[in-house]
Amino acid sequence: MKVLITGAAGFIGSHLVEKYLKEGWEVVGLDNFLTGTVDNIQDFFGHPNFTFVKYDVTNFLYVKDDLDLILHFACPASPIHYMKHPIHTMKVDSIGTLHSLGLAKEKGARFLLASSSEIYGDPKVSPQSEGYNGNVSPTGPRSVYDEAKRFSEALSMAYLREHRIDVRIARIFNTYGDKMNLNDGRVIPNFLKQALLGKPITVFGDGTQTRSFCYIDDMVEAIYRFSTKEGIPGAVLNLGNPEELRIIDTAELVKEITGSKSRIEFLPLPKDDPKRRRPDISEAKKLLGWEPTYSLRKGLTEVKPWFKKKIFGEK
Ligand code: UDP
């Protein structure tokens, strides 16, 4: 079985490369290194079943080989990154999605889209289930990501309806783990870095906004099961951990786990920052027999040594 992974050098993409290789797949990885890094995939370069091509999927996309599956994971995913590259973000989740779907059609391959909890915007209901249509600003600073992901979902469903491509849509909620970019501005790497260095922990707003954090191993398992399950074309699933925390409590938990004496510094809340985010994962439980196994406490404890090594180097 052969899978093509766009965004293979990114945080989740590189973990997927590892998982599919481990499961015996041949893997073709594509990445243009806009936000992904060689570091994330260097361990796989010698693997006989791994091929990597430095490529921007907003260009015409073709590979010679037969493909069974395409995972479209290319896209800057942290608010800082997608606001820094707003046009490219929109291109990769419109033109890039079009090219990836076109390739799936050509190869008769299954297609799984990395969508996002951001398609719900600043949700007016909580938890968010797949039936909720969201509350997205079409023009705010986050719209480049939110609307592009929504467009990608619509395009995927169009390929299902018009060309009968077996598409699946994974709405990925906040995920953390090793291989995250330490400087991408997201809350878990920010807090861990600040706590480990004894610097102030930057809480935006009053910290009462919530997020629900999924550990990478749980996420990879969910995506693998979702992509390999037979007979569910057109399935749309929330993937994430429903354990919901206020950001201020997340800061306190990081302090406790790292034994840090950092003080908490309150900074202004960015525009359109969602107030609540928590996935309803009953569909994923039913369809995949999957649920997260890592609490945030367990996941942070697991990943702490990796962050330490990244920040302080080998000891
Ligand atoms: N946040 C924070 N301090 C930081 C970085 C982020 O308080 O140093 C907050 C941010 O305002 C948001 C939440 O943490 O409410 C999650 O932010 P992140 O950028 O990780 O991802 P998002 O879920 O907003 O896409």
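Here, the structure is the one placed above.
Residues numbered from 1 in each chain as written. Predicted model: local features only at pLDDT ≥ 70, side-chain atom pairs only at ≥ 80, totals over all residues. Heavy atoms only, no water.

A rise of 1.5 Å per residue sets the reference length of helix α5 (residues 143-163), with its 21 residues, at 30 Å; its end C-alpha atoms lie 29 Å apart and thus fit the reference within 8%. Among the residues of α5, S143, V144, Y145, D146, A148, K149, S152, E153, L155, S156, M157 and Y159 are the ones counted as buried. Buried residues in α5 make contact with α2 (79-84), α3 (86-92), α4 (95-107), β5 (110-116) and β6 (167-172). Immediately beyond the C-terminal end of α5, within one or two residues, lies R164, with a positive phi of roughly 55°. (Helix = DSSP H or I, 4+ residues; strand = E, 2+ residues; numbered from the N terminus. Expected span 1.5 Å × (residues − 1). Buried < 20%, exposed > 50% of the residue type's maximum accessible area, 1.4 Å probe, protein only. Contact = heavy atoms within 4.5 Å.)

Let us look at α4. For α4, with 13 residues, the first-to-last C-alpha span of 18 Å sits near the 18 Å given by 1.5 Å per residue. Looking only at α4, the buried set comprises G96, T97, H99, S100, L101, L103, A104 and K107. Where α4 is buried, its residues contact β1 (2-6), β4 (69-72), α3, β5, α5 and β6. Among the residues trailing α4, G108 stands out with phi positive, at a value near 65°.

Moving on: the packing of helix α8 (residues 247-258) against helix α10 (residues 296-312). The relative placement of two packed helices is expressed as an angle between their axes plus a distance between the axes. Across the interface, α8 lies against α10 with an axial gap of 10 Å and an inter-helix angle of 45°. Regarding the angle of α8 to α10, the classification is oblique. Here α8 and α10 pass one another in a crossing that is right-handed. Residues T250, L253, V254, E256, I257 and T258 of α8 form the contact with α10, whose own contacting residues are L296, R297, L300, T301 and K304. Looking at the contact of α8 with α10 residue by residue, the classes come out as five nonpolar, three polar and three charged. (Axes fitted to C-alpha atoms, helices over the stretch in contact; angles between N-to-C directions. Parallel < 35°, antiparallel > 145°, perpendicular 65-115°, else oblique. Left-handed = near helix turned anticlockwise from the far one by under 90°. Nonpolar A, V, L, I, M, F, W, Y, C, P; charged D, E, K, R; others polar.)

Quick look at the sheet that holds strand β3 (residues 50-54) now. For sheets, the rule is that strands pair by backbone hydrogen bonds, running either parallel or antiparallel. In space, the seven strands of this open sheet follow the order β3-β2-β1-β4-β5-β6-β11, with parallel pairing throughout. Here the strands that pair on one side only, and so sit at the sheet edges, are β3 and β11 (236-239). On average, adjacent strands in this sheet sit at an angle of 20° to one another, irrespective of strand direction. As paired strands, β1 and β4 are joined by four bridges and run parallel to one another. (Pairing = 2+ DSSP bridges.)

What follows is about the pattern of salt bridges. Under the defined criterion, the tally for this structure stands at 22 salt bridges. A salt bridge links K19 to E221; its shortest N-O distance comes to 3.2 Å. Taken together, the positions of K19 in helix α1 (residues 11-22) and E221 in helix α7 (residues 216-228) put the pair 202 residues apart, joining distant regions of the chain. Assessed through its relative accessible area of 16%, K19 is described here as buried. Several salt bridges converge on common partners, so that one network encompasses K19, E23, E221 and R225. (Salt bridge = Lys/Arg side-chain N within 4 Å of Asp/Glu carboxyl O.)

Here we take up the site of the ligand. The full set close to the ligand counts 18 residues, and T202, F204, R211, D273 and R277 are the nearest of them. Q209 places a polar side-chain atom, nitrogen or oxygen, 3.0 Å from an oxygen atom of the ligand. In isolation the ligand has 520 Å² of accessible area, and contact with the protein removes 95% of it. For the shell around the ligand, the per-class residue count stands at seven nonpolar, five polar and six charged. (Near = heavy atom within 4 Å. Polar contact = N/O pair within 3.5 Å; in protein donor to acceptor, adjacent residues only side chain to side chain. Areas by Shrake-Rupley, 256 points an atom, 1.4 Å probe, with all protein chains shown as cover.)

Any pair of aromatic rings gets described here by the distance separating the centres and the angle formed by the planes. Here the structure, examined in full by the defined rule, presents 13 aromatic pairs. Aromatic pair Y176 and Y215: ring centres 5.5 Å apart, planes at 55°, arrangement tilted. Pair noted here: Y176 is in strand β7 (residues 175-176) and Y215 is in strand β10 (residues 214-215), with a separation of 39 residues, a long-range link. A relative accessible area of 1% places Y176 in the buried class. Sitting above the plane of the Y224 ring, K19 keeps its charged end 5.0 Å from the centroid. The lysine or arginine in question, K298, covers the ring of Y294, its NZ or CZ lying 4.3 Å from the ring centre. (Phe/Tyr/Trp six-rings, centres within 6.5 Å; stacked < 30°, edge-to-face > 60°. Lys NZ or Arg CZ within 6 Å of the ring centre and 35° of its normal.)

This part covers the nonpolar core. Among the nonpolar cores identified, the biggest contains 65 residues, and Y20, I223 and L239 are the most heavily contacted of them. A per-element tally of this core places α7 first, with seven residues. Those residues in contact with I223, other than ones at most four positions away along the chain, are I12, L16, Y20, F73, L112, I172 and L239. Counting residues in hydrophobic clusters, the runner-up holds 26 residues, among them L30, L103, I165 and V167. (Core = buried A, V, L, I, M, F, W, Y, C linked by side-chain atoms within 4.5 Å.)

Right, let's get into the pairing of β6. Of all six residues in β6, six are buried, a share of seventy percent or more. Across the two faces of β6 the burial is the same, with V167, I169 and R171 and R168, A170 and I172 all buried. Here β5 pairs with β6 via six bridges, running parallel. Note on β6: the bridge partner recorded for S115 is R171. The parallel pair β5 and β6, bridged by α5, forms a crossover whose chirality is right-handed. Both β6 and β11 contribute to a ladder of four bridges, which runs parallel. Looking at β11, one finds that I172 is bridged to L239. (Right-handed = clockwise from strand over helix to strand, strands pointing away.)

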